[in-house]
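For reference, the chains in residue letters:
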Amino acid sequence: MADTTITKIDSKHSPRGAEGEKYLASGIHVAMRLWENEQPADAKEPSARPYETVGYVIKGRAELHIEGQMVLLEPGNSWVVPKGSSHTYRILEAFTAVEATSPPAQVHGRDEE
């Protein structure tokens, strides 16, 4: 029997989260989201989330402040934020990045913690 669980998402119709992120494809164990043209701003208060995040910078620059370290993120860079790590981002130039979260960030209120 053929697999019928294939999902295609057209980002023009994707829902947005409370922080402006655009939710892309989502499976049972992993989900993708797009941060598109985020404008320069001071870092928000650090948070720790109940999911792991990996990301990839498409354009712009940002600082990732994580557990007392600062990592500069530029186009072509990828990063990992381990589950439960205290972190925040400071956007330096209009920033576009794709992230994957495991388990999916938007399910069961994980992004609201």
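This is a predicted model, so every value here is computed, not measured. Sequence order sets the numbering: in each chain, residues are counted from 1 along the sequence as written. Whole-chain, interface and lining totals are the exception, using all residues; otherwise, since this is a predicted model, local features are given only for residues with pLDDT of at least 70 and side-chain atom pairs are given and counted only at 80 or more. Hydrogens and water are ignored here; the side-chain numbers use all heavy atoms of the structure.

### Concerning the overall build of the protein
Next up, step 1: Across its full length, the protein holds zero helices and six strands.
Next up, step 2: To qualify as a helix, a DSSP run of H or I must reach at least 4 residues; to qualify as a strand, a run of E must reach at least 2; elements of each kind are numbered from the N terminus. Ordering the α and β elements of the protein from the N terminus gives β-β-β-β-β-β.
Next up, step 3: Between the two quantities, the radius of gyration covers C-alpha atoms and the globule rule is 2.2 Å times the number of residues to the power 0.38. For 113 residues, the compact-globule estimate of 2.2 N^0.38 gives 13 Å, and the C-alpha radius of gyration of the protein, at 14 Å, lies within 12% of that figure.
Next up, step 4: For the protein, the spread of C-alpha atoms along the principal axes amounts to about 50 × 25 × 25 Å.
Next up, step 5: Taking contacts inside the protein between residues at least 6 apart in sequence as the whole, the part at least 24 apart equals 61%.
Next up, step 6: Carbon and sulfur atoms provide 53% of the accessible area of the protein, an area that totals close to 7,100 Å².
Next up, step 7: Between the mean site of the 12 positive side-chain charges and the mean site of the 17 negative ones, the protein shows a separation of 5 Å. Between two residues, a contact is recorded if the distance between any of their heavy atoms is within 4.5 Å. All accessible-area figures derive from a Shrake-Rupley calculation using a 1.4 Å probe, and residue coverage is judged against the displayed protein chains alone. We count Lys and Arg on the positive side and Asp and Glu on the negative side, and we leave His and both chain ends out. To locate a charge, take atom NZ for lysine, CZ for arginine, CG for aspartate or CD for glutamate.

### Brief notes about the packing of aromatic side chains
Within a pair of aromatic rings, the relevant descriptors are the distance that separates the centres and the angle that separates the planes.
Next up, step 1: Only Phe, Tyr and Trp rings take part, Trp by its six-membered ring, and two of them pair if their centres are within 6.5 Å. Stacked means planes under 30 degrees apart, edge-to-face means over 60, and tilted covers everything else. Throughout the structure, instances matching the rule amount to one aromatic pair.
Next up, step 2: Relative to Tyr-89, the ring of Trp-79 has its centre 6.2 Å away and its plane inclined at 70 degrees; by these criteria the two rings are edge-to-face. Pair noted here: Trp-79 is in strand β5 (residues 78-81) and Tyr-89 is in strand β6 (residues 87-102), with a separation of ten residues, a long-range link.
Next up, step 3: The buried category is assigned to Trp-79, whose relative accessible area is 6%. Residue exposure (1.4 Å probe, protein chains only): buried if accessible area is under 20% of the type maximum, exposed if over 50%, otherwise partly exposed.

### Comments concerning the side chain of Glu-21
Next up, step 1: With respect to the helices, strands and loops of the structure, Glu-21 is situated in the segment before β1 (22-26).
Next up, step 2: For salt bridges, the criterion is a side-chain nitrogen of Lys or Arg within 4 Å of an Asp or Glu carboxyl oxygen. Summary of buried charges: Glu-21 has no salt-bridge partner, and the nearest side chain of opposite charge, Arg-33, is 4.4 Å away.
Next up, step 3: Under the rule applied, a polar contact is a pair of N or O atoms within 3.5 Å (in protein, one hydrogen donor and one hydrogen acceptor; residues adjacent in sequence only if both atoms are side-chain atoms). Only 3.1 Å separates the side chain of Glu-21 from the backbone nitrogen of Glu-19, close enough to count as a polar contact.

### Focus on the environment of Leu-73
Next up, step 1: Assignment of secondary structure puts Leu-73 in strand β4 (residues 69-73).
Next up, step 2: Take Leu-73: its relative accessible area is 1%, and that puts it in the buried class.

### Describing the pairing of strand β2 (residues 31-38)
Next up, step 1: Note that β1 and β2 share three bridges and pair antiparallel. Residue Tyr-23 lies in a different strand from β2, and its bridge partner there is Arg-33.
Next up, step 2: Two strands qualify as a pair provided that DSSP identifies no fewer than 2 bridges between them. Remark: four residues form the turn of the hairpin made by β1 and β2, two consecutive strands paired antiparallel.
Next up, step 3: Judged from the six bridges that link them, β2 and β6 form a sheet pairing that is antiparallel. Residue pairing across strands places Arg-33 opposite Glu-99, the latter belonging to β6.

### Regarding the nonpolar core
Next up, step 1: Joining through side-chain atoms within 4.5 Å is the link that ties buried Ala, Val, Leu, Ile, Met, Phe, Trp, Tyr and Cys residues into a set, and such a set is a nonpolar core. Formed by Val-57, Ala-62, Leu-64, Ile-66, Leu-73, Trp-79, Val-81, Ile-91, Phe-95 and Ala-97, the largest nonpolar core amounts to ten residues.
Next up, step 2: The set of elements that each furnish at least two residues to this core consists of β3 (52-66), β5 and β6.

### Quick word on the environment of Pro-75
Next up, step 1: With respect to the helices, strands and loops of the structure, Pro-75 is situated in the loop between β4 and β5.
Next up, step 2: Pro-75 sits in the partly exposed class, given a relative accessible area of 47%.
Next up, step 3: Each C-alpha atom, one on Pro-75 and one on Arg-61, is 7.1 Å from the other, the two residues being 14 residues apart in sequence.
Next up, step 4: Excluding anything up to four places from it in sequence, Pro-75 contacts Val-57, Ile-58, Lys-59 and Gly-60.

Keep in mind that these numbers describe shape and distance, not what the molecule does.
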